[in-house]
Amino acid sequence: MSGRSAPGGAPDTALVALHRAEGARRALVCLGFCGGGTAAYHAWAAGLPPATDLLAVCYPGREGRFAEDFADSWDALAEDSARAVRAVAATDAPYVLFGHSMGGWMAFDVATRLAAAGDRLPEALVVSSCNAPDRGLTERDRFPAQADPDDGLLGWMSTHGLLPAHVLGDEDLTEMAVELMRADLKVRDTFGYSGARTTVPLQVFSGADDPVVGDDAGARWGTLTTAAHRHDVLPGGHFYTPEVWRALPERIAALGAPAPAPAPSTAGLSG
């Protein structure tokens, strides 16, 4: 496939509202994994606490941004994602930032970029199925790899990922799935740890049977925040079990706390 040339992304295509809650007072903002899009988070709408919006960052080259070029480096994708999340940070509503797999590193990177720019930070940072980034990109993290053949990538996505069964029976859809995966693996392989830490509470999820994430992931992630942190080991592999994945927002500690009440209006008051 080719022809992606449109520059930039409109806000309504870079930040997708998957669920708008009546009287929303908080947002869960999700960043995607290698080869993924926003669709993986649609099922979460049913398990959200009241007054919580569900938003997802759409990377260039897919869904509503299909006509755009893929990002060609980690820095380019992180800057693009930070712009999308900044639209949420600019509002008064608190938000929780979530990322799975490559998206976990992206969520951490975005949070540190927002901090460096003086933007409003999330209530909490939640990273899922990823090693701590302070070691940089290790061989454990290069799984799957750019050098894997197409059928190997499809096999990994169907075994360890969320690739729907119907995609495997459609030549055009499998071509698109492999193209997205290769584009994201190329970006992933340009990652370099900046040395930054975050100041927001951190929650780490990992699968008990995940071949990618090391046993020390929780402890190492804990050194990358100056705030409270916790590590929850869940049943299953890289995407846990289907039941756990569908209900994952129920395990996000920050969403279990009452959403802060809106600040009282001062309109019409005088001193």
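Here is what the cut-offs are and how they apply
Residues numbered from 1 in each chain as written. Predicted model: local features only at pLDDT ≥ 70, side-chain atom pairs only at ≥ 80, totals over all residues. Heavy atoms only, no water. UniProt positions renumbered as here; feature names shortened; annotations may be inferred. Helix = DSSP H or I, 4+ residues; strand = E, 2+ residues; numbered from the N terminus. Core = buried A, V, L, I, M, F, W, Y, C linked by side-chain atoms within 4.5 Å. Buried < 20%, exposed > 50% of the residue type's maximum accessible area, 1.4 Å probe, protein only. Expected span 1.5 Å × (residues − 1). 1 Å grid on protein atoms, 1.4 Å probe; cavity = no way out; pocket = protein on both sides within 12 Å on 5 of 7 lines; lining within 4 Å. Points joined across faces, edges and corners; volume = space filled by probe spheres on them. Nonpolar A, V, L, I, M, F, W, Y, C, P; charged D, E, K, R; others polar.

Caption draft 1: The arrangement of the UniProt feature "domain: Thioesterase TesA-like" (unreviewed entry) in the protein chain in detail. As annotated by UniProt and renumbered to match this structure, "domain: Thioesterase TesA-like" (unreviewed entry) occupies residues 29-234. The span residues 29-234 is 34% helical and 16% strand by assignment, and the distance between its end C-alpha atoms comes to 21 Å.

Caption draft 2: Representation of the nonpolar core in the model. In terms of nonpolar packing, the biggest core is built from 53 residues, with Val29, Leu97, Leu125 and Trp221 touching the most fellow members. By size, the runner-up hydrophobic cluster in this structure holds 24 residues, among which are Leu18, Leu28, Tyr41 and Ile252.

Caption draft 3: Just helix α3 (residues 102-117), in detail. Under the 1.5 Å per step criterion, the end-to-end length of α3 is 23 Å for 16 residues, consistent within 8% with the ideal 22 Å. With 13 of 16 residues buried, α3 lies mostly within the body of the structure.

Caption draft 4: Expanded view of empty space enclosed by the protein. Counting across every chain of the model gives two cavities of 30 Å³ or more. For the largest cavity, the calculated volume is near 40 Å³. As for the largest cavity, its lining consists of Tyr59, Pro60, Arg62, Phe70, Ala71, Leu77, Ala183, Asp184 and Val187. For the lining of the largest cavity, the element with the highest residue contribution is helix α6 (residues 171-188), accounting for three residues. By volume, the second largest cavity is sized at about 30 Å³. Forming the walls of the second largest cavity are Gly32, Gly36, Gly37, Thr38, Val57, Cys58, Tyr59 and Arg62. Taken together, the residues that form the lining of the second largest cavity break down as three nonpolar, four polar and one charged.

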